[in-house]
Amino acid sequence: MRVVSGSCKGRPLKAVPGMSTRPTTDKVKESIFNIIGPYFDGGLAVDLFGGSGGLGIEALSRGIEKCIFVDREAKAVATIHKNLEACHFQSQAEVYRNDAERALKAIAKRELSFKLIFLDPPYKQQKLKALIELIDSFRLVEDGGIIVAEHDAGITLPDEIGSYKLTRYESYGISAVSIYIYNEQGTGE
């Protein structure tokens, strides 16, 4: 695993020890950023199921100003801290050990607005539609902002979830990525 592009291009990233996480491959990561970016001019991001922090770190390397990382596993949180340190992104990151729903509620209280949210939950416990609905109810994404949902290729997500419209779906073997864009006028569901 490595940073694919940007200011930390080529920097190796540590994986979370054990089998509790499934890191996004460099190929999938590169494809995601080719679709959504590939580079950013500031803005905030959230890597909600951080794992090793690879997606959020890639966003920071490509110009996102600050990223909040969340994972409920202590080993993952420790790995995120190590990878942020290796890339010198500690001052541009916040890392929390928490579950996704509680983290979203805490973030909502801060009244922040995000350009980019990564959702890459464990394949066996995916509640992506409910998480996107929660993000929508808290109005966490700025107009034109993006949610990147990585999931099992056997799962089909709706074309619209609240104010979010599916703009791209790509399949990579057993993994798939659904990309939603926020439309302030709402799409209705």
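From a predicted model like this one, the values you see are computed outputs, not experimental measurements.

Engineer: Where do I start with the overall build of the protein in this structure?
Structural biologist: Across its full length, the protein holds five helices and eight strands. Here the C-alpha atoms of the protein give a radius of gyration of 15 Å, agreeing with the 16 Å that 2.2 N^0.38 yields for 189 residues. Projecting the C-alpha coordinates of the protein onto the three principal axes gives extents of approximately 45 × 35 × 30 Å. Residue burial in the protein is summarised as follows: out of 189 residues, 50% are buried. The long-range share in the protein, meaning contacts at least 24 apart out of those at least 6 apart in sequence, stands at 66%. Looking at the protein as shown, the accessible area adds up to about 8,800 Å², and 50% of this sits on carbon and sulfur atoms. Positive and negative charge centroids in the protein, built from 24 and 25 side chains respectively, lie 6 Å apart.

Engineer: Sorry, what's going on with the nonpolar core here?
Structural biologist: Buried together is how nonpolar side chains tend to be arranged in soluble globular proteins. In terms of nonpolar packing, the biggest core is built from 30 residues, with Ile36, Phe69, Leu84, Leu116 and Val148 touching the most fellow members. Secondary structure elements with two or more residues in this core: helix 1 (26-36), helix 2 (54-61), strand 2 (66-71), helix 3 (74-86), strand 3 (93-97), strand 4 (114-119), strand 5 (141-152) and strand 8 (175-182). Look past the residues within four positions of Ile36 in its chain and what remains in contact with it is Leu116, Phe118, Ile146, Val148 and Ile179. Within the second largest apolar cluster, 27 residues are counted, among which are Ala100, Leu104, Ile147 and Leu166.

Engineer: Would you take a moment to explain the pairing of strand 3 for this structure?
Structural biologist: Working note: regular strand, side chains alternate between the two faces of the sheet. Direction of pairing for strand 2 relative to strand 3: parallel, over a ladder of five bridges. The partner of Phe69 across the bridge, within strand 3, is Val95. With helix 3 bridging strand 2 and its parallel neighbour strand 3, the resulting β-α-β unit is right-handed.

Engineer: How should I be thinking about the side chain of Ser163 in this particular structure?
Structural biologist: You can see Ser163 is positioned in the loop between strand 6 (160-161) and strand 7 (164-172). Owing to a relative accessible area of 6%, Ser163 belongs among the buried residues under this scheme. One polar contact links Ser163 to Arg139, side chain to side chain, over a distance of 3.4 Å.

Conventions adopted
- Residues numbered from 1 in each chain as written.
- Predicted model: local features only at pLDDT ≥ 70, side-chain atom pairs only at ≥ 80, totals over all residues.
- Heavy atoms only, no water.
- Helix = DSSP H or I, 4+ residues; strand = E, 2+ residues; numbered from the N terminus.
- Rg over C-alpha atoms; globule rule 2.2 N^0.38 Å.
- Buried < 20%, exposed > 50% of the residue type's maximum accessible area, 1.4 Å probe, protein only.
- Contact = heavy atoms within 4.5 Å.
- Areas by Shrake-Rupley, 256 points an atom, 1.4 Å probe, with all protein chains shown as cover.
- Lys, Arg positive; Asp, Glu negative; His and termini not counted.
- Charge placed at Lys NZ, Arg CZ, Asp CG, Glu CD.
- Core = buried A, V, L, I, M, F, W, Y, C linked by side-chain atoms within 4.5 Å.
- Pairing = 2+ DSSP bridges.
- Right-handed = clockwise from strand over helix to strand, strands pointing away.
- Polar contact = N/O pair within 3.5 Å; in protein donor to acceptor, adjacent residues only side chain to side chain.

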